[in-house]
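Geometric and topological summary
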Amino acid sequence: MNKIAFSTDNLPARFDDRARLSEWRHFLYAVFGGMEVSCLPDRAFSQYLEAAQFGSALLVRLAGTTDRFSTSPEVARGMRPDFFLCLRSDPGPVSFSQRGRDVTFDPATAVLGTCNDPVDLRARDRNGFLQVAVPQARLEDHVAGLEDLVARPLDSRTPAMRHLRRYLTLLVESDGPADDPDLAAHIETTLLDLMTLALGAGRDASEIAQMRGLRAARLQDVLSNIRAGFANPDFSPDEIASRLGVTPRYVQTLLQEAGSTFTERVLELRLQRARSMLSDPRNDRMKIGEISEACGFSEISYFNRCFRRRFGLTPTAARGQPEVL
């Protein structure tokens, strides 16, 4: 674990507010590559920051009288391509601007931002933040529609958000895992899991995030195999079990623990594929039976019944219509 800290309390007593602010700017430049900051005009300047690295995850806690943090396009481009989630730890609203969006957030809300896009954050009182940043690619693998969440108010009172806040607080108030790489890797995974849940992950990712260790990895393998093989009419848990070196019962147990059976998952994927094919004008010359067969159905009558029950209309009526969930 790499850990850094800054506190104006540690500066020489002879430093006035201007000198303290100058040292704060030098620190930010050395660590983050530059950031424009200013301080509240009616307060003595003080600032504290502590940052800790756990694998690819960066945790930051800061508090003080800095009233503005902003990055230019040039500085932002040089930063890590991370998403960061910012939680307030002091009362009072803070304005956050990024990608042409403006949001005001307080302890009841959180905000998601990107490190390598210009940002402008302004506090109207003392600032107090908990912030966790993870690589964009890793979070995008788990949560769909992340771009739509940037600079939007997020409810920080949900169970997942509250648990994430408690975990971040625990980490910054502890001595950390020292140089234990296994523990640091575990913390990194836990942070990613909690962010996944807090940001409203897709179903599969949310299920995986609630599991740990080998079972979570096995579930990921099972789900990947289902997505790859569902269109095969003879696809079964036995095929997945054989490929992964586990028993069919184990496959079924993992899926049931995650919320639905093998049959339910395969059927949903087949129906979604059929709905997509029927909506695509490129498939207008295909017969309904050909589409059902291409999606893994061996009986057209069973396909018709399942499709109507799932979407509320027949396959024939669904031709050319926009996809619906």
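How each quantity is defined
Along each chain, residues carry numbers from 1 onward, in the same order as the chain's sequence is written. Local features in a predicted model are, by the rule used here, given only for residues with pLDDT of at least 70; side-chain atom pairs are given and counted only at 80 or more, and totals for whole chains, interfaces and linings are based on all residues. Processing note: side-chain calculations cover all non-hydrogen atoms of the structure and skip hydrogens and water entirely. Only when DSSP finds a minimum of two bridges between them are two strands counted as paired. Where helices and strands are cited, they refer to DSSP runs of H or I of at least four residues and of E of at least two residues respectively, numbered from the N terminus. For helices, the fitted line uses only the C-alpha atoms of the stretch in contact; every axis is such a line through C-alpha atoms, and the angle between N-to-C directions lies from 0 to 180 degrees. Working rule for contacts: check all heavy atoms of both residues, and any pair within 4.5 Å makes them a contact. Here a Phe, Tyr or Trp ring, Trp counted by its six-membered ring, pairs with any other such ring whose centre lies within 6.5 Å, and the pair is stacked when the planes are under 30 degrees apart, edge-to-face when over 60, and tilted otherwise. When accessible area is computed with a 1.4 Å probe and restricted to protein chains, residues below 20% of their type maximum are described as buried, those above 50% as exposed, and intermediate ones as partly exposed. Note on geometry: a ring has a charge over it if NZ (lysine) or CZ (arginine) is within 6 Å of the ring centre and within 35 degrees of the ring normal.

Considerations on the sheet that holds strand β7 (residues 94-98)
- Reading across the sheet, the five strands line up as β2-β5-β10-β7-β8 and stay open at both edges, with antiparallel pairing between neighbours. Each having just a single partner strand, β2 (36-39) and β8 (101-105) make up the two edges of the open sheet. Pairs of neighbouring strands in the sheet enclose a mean axial angle of 10°, with direction left out of account.
- Against the sheet, helix α1 (residues 17-32) touches β2 and β5 (66-70), its axis set at about 155° to β2.

Focus: the packing of aromatic side chains
- One pass over the full model with this rule turns up ten aromatic pairs.
- Between F6 and F27 the ring centres are 5.1 Å apart and the planes differ by 35°, which places this aromatic pair in the tilted class. Taken together, the residues F6 in strand β1 (residues 2-7) and F27 in helix α1 connect sequence positions 21 residues apart. Like F27, F6 is buried.
- Ring geometry for F297 against F303: centres 4.9 Å apart, planes inclined by 55°, an arrangement best described as tilted.
- Here a set of aromatic residues connected by ring pairs shows up, and it is made of F297, Y302, F303, F307 and F311.
- One cation-aromatic arrangement involves R88 over F129; the distance from NZ or CZ to the ring centre is 5.1 Å.

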